[in-house]
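The lines below spell out each chain.
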Amino acid sequence: MSKMTRIPCPKCGGRAFDISKIPKERIDVALKCPRCHNIVTIECSSDFKIKRTTSCK
Ligand SMILES: [Zn+2]
């Protein structure tokens, strides 16, 4: 079984996306939330720290 981590949207708290593997290098994932339609930027790092930031437009 693959473990999926649910990444919540920092804006509305709904599910933004699921990630199965946290990358070794820090990555920024920018996406449009399917629920609130805000552009959110989510930082994923190897320490399993997920830092969430938003940019409102
Ligand atoms: Zn949202």
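Description of the structure in this document. As the structure is a prediction and not an experimental result, all values here were calculated from the model.

Looking at the overall build of the protein
From N to C terminus, the protein includes zero helices and five strands. For the protein, the α and β elements follow one another from N to C terminus as β-β-β-β-β. Across the 57 residues that make up the protein, the buried fraction comes to 9%.

Regarding unusual backbone geometry
Phi is positive for H37, which is not a glycine, with a value near 65°. Looking at where H37 falls in the secondary structure, it is placed in the loop between β3 (27-32) and β4 (39-44). Residue class for H37 comes out exposed when judged on the 9 C-beta atoms lying within 10 Å of it.

What counts, and at which threshold
- Residues numbered from 1 in each chain as written.
- Predicted model: local features only at pLDDT ≥ 70, side-chain atom pairs only at ≥ 80, totals over all residues.
- Helix = DSSP H or I, 4+ residues; strand = E, 2+ residues; numbered from the N terminus.
- Buried ≥ 20, exposed ≤ 12 C-beta atoms within 10 Å, placed from the backbone.

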